[in-house]
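The chain contents come next:
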Amino acid sequence: NIHLTRISSPEHLASLPPEFLTNDAERPLLHVDEAGNEYHYYLNPMQKSVFFILLVEMLERFSFYGINYTTTAYLTGEYNDDWNADMPSILASSYVSISTAVAYTTPFIGAMLADNILGEYLTMISATLMCYIPGLTLIALTTIPDFLGTEFNLTAIRWGLLVLWPVGTGAVKACVNVFGAKQFHPILQSSLIESYYVNFYMCINIGALTGGIVVPVVAQWSVTVAYFIPVCMLGIGVLLFVSGTSRYVRPKPKHDAGYFVREIAAYCGGGRRSKRDRDARIQPSPTESKVGIVTILRLSGLVVPFNVAYAQMSTTFIVQGSVMTNWGILDAPMMNNVDALSILAFGYIIGNVIYPELNRRGIKIPTTHKFALGSMFGALAVGCAIITDYQIHRAYDERGEAITVLWQVFPYFLIGMGEIFAVSAAYELAFTVAPARMKTVASAANLFMVGGFPNVCCIMLYKVCRSWFLNDRGEAHIHKLEDYASARVVNYFWLLEGIALCGVVINLLPPIKEWVASIEEAAAETVKSPMSTPNIRKNLIQRRKSRDLQQGDGAAETDEETPLVRAQKHASYLKYGDGPDLNKFGSMRAGPSMKKKGGGGAAQNPSSLPS
């Protein structure tokens, strides 16, 4: 026997009902959606089509982080004393925070376009060509002296940095991971999606690491050349993505924009669905229908304290590092790569050592405790930044010297450790508890709370705490050591420390833990049949009625245990069973038990499932 949710070789096809097979030898797997649209799937989508999606994601992350890590230094004039925006450090940090907030808010736009109008493929192409590449190009053009005017063109940098670039990346971010997952048959290859997300997360960090090294290093020589590299890399990514067009499964959008608006209103409790909309939907279980966008926002809001600390990596940590001495080619922007290295190293240990060992011992870390661990590491990271700040002042006061930028290894490494627990768990929680028909929108809502809202908080904090970023002349230019030494940035770090510690305390409160656990448990008990297509349901119902009439009720009971029903049970076991689940964005967890409350049912036993 084989796992009927891991169909990946020709030998597996003999075990499948004809309803799931095509006459196409290259794409033998068939799925019919609710509207009756037929889609054909490869047996090995990772090699046939997903490969192109992973490549474009890696190159897109290269482009994003190459710019993101260096923006603060570029705007304050670190790379070119003669041609720059000459922004105060606090204003440059605000620009980066605004850009990041927009990037993590616009996934709602991408979700709307993908789910209701264009589909993921066309949304990604349109956003990249109309916003992302033009935004990167405009930012790069501002680095050329006198090209856009005799003075530095602030209008161009605003349009590129605050509008085009973040809108493009936000729309792509909402679609790319979902589009990759849709290349797998939703039933027969559902277990293979797990490995896809592992590879997806690795590509994110490989792109971030290489972009975070190449662009800052080249920028030390020529910021113009450095900023045109992401433009070229993203252009290559688009060409590779388009070259795989004929290989992709491209599900059609199910509704129009009006339906999207009505659904959002209904989820938020502010609207009613029309009879046409109700008839067009596959009715969810009563449990699932209770989880709406507002609930997703509240759940993801539990990691806001950590993400406020996390947002400092590309803002105040850069400001602090700019007054420290480089270690070889390692400067302040390049220190961001310690975060990516921390994720790759610590994530491997978590996924392959710690969580499997906890699973063998029957221990499951509650989601809120993961959030608390993430916030704790965030607090430790800010604590290291505080110690570093005191060292900067001590060295300057005693010797008039700067300390090495290697002091920042500790805060960046600890932030990466916190990200493994807090951010990845938030992505997973939102994806797991969201209704099936609103996964993309739920992902957008989670992205807003992970990156959008925390950066809005940072912008407000900058405004309130502006006096701490002023030198002894009352100016906000503190990217020079003597100016930084006269400012009181350490007070801002102490405020961040308090915010991160609040995140620890909140997520350890028993009522919060019980609330999140109840939502997870309700989602875990929502078991959907994989026979979601009308044709398959109709055929099974007709066969069941016929057998009932001819052979009695006993045959109907036998018909319930078709291979696909067993596959459905197995899929539930894989997602909510006792084994560790490595899911979206590399988040790992040991799933909750499928045991019914009150002892009414037992968890699925692995020995009773197809193997």
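Residues take numbers from 1 onward in each chain, read along the sequence in its written order. The predicted nature of this model means local features are confined to residues of pLDDT at least 70 and side-chain atom pairs, given and counted, to a pLDDT of 80 or more, with totals for whole chains, interfaces and linings taken over all residues. Here the side-chain values reflect all heavy atoms present in the structure, with hydrogen atoms and water set aside.

A closer look at the overall build of the protein
Counted only if it meets this: Counting from the N terminus, the helices are the DSSP runs of H or I reaching at least four residues and the strands are the DSSP runs of E reaching at least two. Relative accessible area decides the class of each residue, using a 1.4 Å probe on protein chains only: under 20% of the type maximum gives buried, over 50% gives exposed, and in between gives partly exposed. Should any heavy atoms of two residues lie within 4.5 Å, those residues are considered in contact. Only the protein chains shown count as covering a residue, and every accessible area follows the Shrake-Rupley method with a 1.4 Å probe.
Assigned secondary structure in the protein consists of 23 helices and 4 strands. The buried share among the 611 residues of the protein stands at 56%. Contacts in the protein between residues far apart in sequence, at least 24 positions, make up 78% of those at least 6 positions apart. As presented, the protein carries roughly 25,100 Å² of accessible surface, and 61% of it is formed by carbon and sulfur atoms.

Let's talk about the confidence of the model for the protein
Short version of the rule: Per-residue confidence from the predictor is reported as pLDDT, a score between 0 and 100.
Mean pLDDT over the protein stands at 79; residues scoring 70 or higher make up 77%. Model confidence for the protein, summarised as mean pLDDT per element, is weakest for strand β4 (residues 588–590) at 29 and strongest for helix α19 (residues 489–508) at 96. Below a pLDDT of 50 lies the segment residues 527–538, which in the model reaches 29 contacts outside its immediate sequence neighbourhood of four places, other chains included. In this model, residues 553–611 is a region of pLDDT below 50 whose contacts with residues beyond four sequence positions or in other chains number 136 contacts.

Comments concerning the pattern of salt bridges
How we decide: By salt bridge we mean one thing: a side-chain nitrogen of Lys or Arg within 4 Å of a carboxyl oxygen of Asp or Glu.
This model, assessed by the stated rule, comprises 9 salt bridges. The salt bridge involving Glu120 is made with Lys182; its shortest N-O contact spans 2.7 Å. Remark: Lys182 occurs in the loop between α6 (154–181) and α7 (193–219) and Glu120 occurs in helix α5 (residues 119–141); sequence separation between them is 62 residues. Note that Arg473 is salt-bridged to Glu475, the shortest N-O span being 3.2 Å. Take Arg473: its relative accessible area is 53%, and that puts it in the exposed class.

Structural notes on the packing of aromatic side chains
What counts, and what does not: Two rings belonging to Phe, Tyr or Trp (six-membered ring only in the last case) form a pair when the distance between their centres is within 6.5 Å. Interplanar angles under 30 degrees mark stacking, angles over 60 mark edge-to-face geometry, and anything in between is tilted. Only Lys NZ and Arg CZ are tested; either one counts as a charge over a ring when it is within 6 Å of the ring centre and within 35 degrees of the ring normal.
Counted under the stated rule, the structure contains 25 aromatic pairs. The interplanar angle of 70° and the centroid separation of 6.4 Å between the aromatic rings of Phe346 and Phe377 together place this pair among those described as edge-to-face. Note that Phe346 is positioned in helix α14 (residues 337–360) and Phe377 in helix α15 (residues 367–399), a separation of 31 residues in sequence. By relative accessible area, Phe377 is classed as buried at 12%. Chaining the aromatic ring pairs together yields one cluster made of Phe317, Tyr412, Tyr462, Phe469, Tyr492 and Phe493. For Arg61, the ring lying beneath its charged end belongs to Phe64, and the centroid distance is 4.5 Å.

A short note on the packing of helix α3 (residues 89–105) against α6
Let me state the cut-off plainly: Between N-to-C directions, angles span 0 to 180 degrees; the directions come from axes that are lines fitted to C-alpha atoms, helices contributing only their stretch in contact. Orientation categories follow fixed angle ranges, with anything under 35 degrees roughly parallel, anything over 145 roughly antiparallel, 65 to 115 roughly perpendicular, and all other angles oblique. By the definition used in this description, the sense in which the near helix is turned from the far one sets the handedness, with an anticlockwise turn below a right angle giving left-handed and a clockwise turn giving right-handed. Residues were grouped as follows: Ala, Val, Leu, Ile, Met, Phe, Trp, Tyr, Cys and Pro as nonpolar; Asp, Glu, Lys and Arg as charged; and all remaining residues, including Gly, as polar.
As a packed pair, α3 and α6 sit with axes 7 Å apart at the nearest point and diverge in direction by 30°. Judged by the inter-axis angle, α3 sits roughly parallel to α6. The interaxial crossing formed by α3 with α6 has right-handed handedness. Two secondary-structure elements touch here, α3 through Tyr95, Ile98, Ser99, Val102, Ala103 and Tyr104 and α6 through Arg158, Leu161, Leu162, Trp165, Pro166, Val167, Thr169, Gly170 and Lys173. Among the residues forming the contact of α3 with α6, the class breakdown is 10 nonpolar, 3 polar and 2 charged.

Some details on a nonpolar patch on the surface
Note the following rule: Patch construction takes residues with relative accessible area above 30% that form no salt bridge. Like charges are linked within 9 Å, and nonpolar side chains (Val, Leu, Ile, Met, Phe, Trp, Tyr) are linked within 5 Å.
On the surface, a cluster of nonpolar side chains totalling about 360 Å² of accessible area is made up of Tyr348, Ile349, Val353 and Ile354. By the element assignment, Ile349 lies in helix α14.

Describing unusual backbone geometry
For Asp86, which is not glycine, the phi torsion reads 50° and is therefore positive. Inspection of the secondary structure assignment puts Asp86 in the loop between α2 (71–75) and α3. Of note in the backbone geometry, Asp146 takes a positive phi value of approximately 65° without being a glycine. As for its placement among the helices and strands, Asp146 is situated in the loop between α5 and α6.

So, the packing of α5 against helix α8 (residues 223–243)
At a closest axis distance of 9 Å, the pairing of α5 and α8 adopts a crossing angle of 165°. Here α5 is positioned roughly antiparallel relative to α8, judged by the angle of their axes. With respect to the hand of their crossing, α5 and α8 are arranged in left-handed fashion. Counting all contacts with α5, which are made through Tyr121, Met124, Ile125, Thr128, Leu129, Tyr132, Ile133, Leu136, Thr137, Ile139, Ala140 and Leu141, the residues of α8 involved are Tyr227, Phe228, Pro230, Val231, Leu234, Gly235, Val238, Phe241 and Val242. Per-class residue counts for the contact of α5 with α8 are 18 nonpolar, 3 polar and no charged.

Some remarks on the nonpolar core
The criterion, for reference: Only buried residues count toward a nonpolar core. Its members are Ala, Val, Leu, Ile, Met, Phe, Trp, Tyr and Cys residues joined through side-chain atoms within 4.5 Å.
Counting 144 residues, the largest nonpolar core has Leu75, Tyr196, Tyr227, Phe241 and Phe493 as its most contacted members. With 14 residues, the top contributor of residues to this core is helix α16 (residues 409–433). Excluding its chain neighbours within four sequence positions, the residues that come into contact with Tyr227 are Ile67, Thr70, Thr71, Tyr74, Ile139, Ala140, Thr143 and Val215. Of all hydrophobic cores here, the second largest spans 12 residues; its members include Leu13, Leu43, Leu188 and Val249.

A closer look at helix α1 (residues 45–68)
Note the threshold: Any helix carries an expected span of 1.5 Å times its number of residues minus one. To get the bend at any residue, fit one axis to the seven residues that end at it and another to the seven that begin at it, then take the angle between the two axes.
Spanning 24 residues, α1 covers 32 Å between terminal C-alpha atoms, matching the ideal 34 Å at 1.5 Å per step. Most pronounced at Phe51, the bend in α1 amounts to some 45°.

Comments concerning the environment of Gly235
Relative to the elements of secondary structure, Gly235 occurs in helix α8. A C-alpha to C-alpha distance of 8.9 Å links Gly235 and Thr128, two positions 107 residues apart in sequence.

As for the pairing of strand β2 (residues 38–41)
Remark: a regular strand shows side chains that alternate across the two faces of the sheet. Selection criterion: Any two strands are treated as partners once DSSP identifies two or more bridges connecting them.
The alternating pattern of β2 places Tyr39 and Tyr41 on a buried face and Glu38 and His40 on a face that is not buried. As paired strands, strand β1 (residues 29–32) and β2 are joined by 4 bridges and run antiparallel to one another. Bridged to Val32 within β2 is Glu38. The antiparallel hairpin formed by β1 and β2 contains 5 residues in its connecting segment, where Gly36 sits at a positive phi of about 90°.

A look at the side chain of Asn471
In plain terms, the rule: In protein, a polar contact means a hydrogen-donor-capable atom and an acceptor-capable atom, both N or O and within 3.5 Å, with residues adjacent in sequence counting only if both atoms are side-chain atoms; elsewhere, any N or O pair within 3.5 Å suffices.
Along the chain, Asn471 falls in the loop between α17 (439–464) and α18 (481–486). We classify Asn471 as buried; its relative accessible area is 5%. Within polar-contact distance, the side chain of Asn471 engages the backbone nitrogen of Arg473 at 2.9 Å. Once residues lying within four places of it in the same chain are set aside, the contact partners of Asn471 are His477, Ile478, Asp483 and Ser486.

Details of the side chain of Asn507
Here Asn507 shows up in helix α19. Polar contacts involving the side chain of Asn507 include one to the main-chain carbonyl oxygen of Leu302, which spans 3.2 Å. Non-local contacts of Asn507, meaning those with residues more than four positions away in its chain, are made with Leu302, Thr368, His369, Phe371, Ala372 and Ser375.

Notes on α3
Between its first and last C-alpha, α3 extends 24 Å over 17 residues, near the 24 Å set by a 1.5 Å rise per residue. For α3, the buried fraction is high: 13 of the 17 residues fall into the buried class.

Some remarks on the environment of Ser93
Mapped onto the secondary structure, Ser93 falls in helix α3. Taking relative accessible area as the criterion, Ser93 reaches 2% and is therefore assigned buried. Spatially, the C-alpha atoms of Ser93 and Phe317 are 9.8 Å apart, while their sequence positions differ by 224 residues. Once you skip the residues sitting within four places of it in the chain, Ser93 turns out to touch Thr72, Thr315, Thr316, Val319 and Tyr462.

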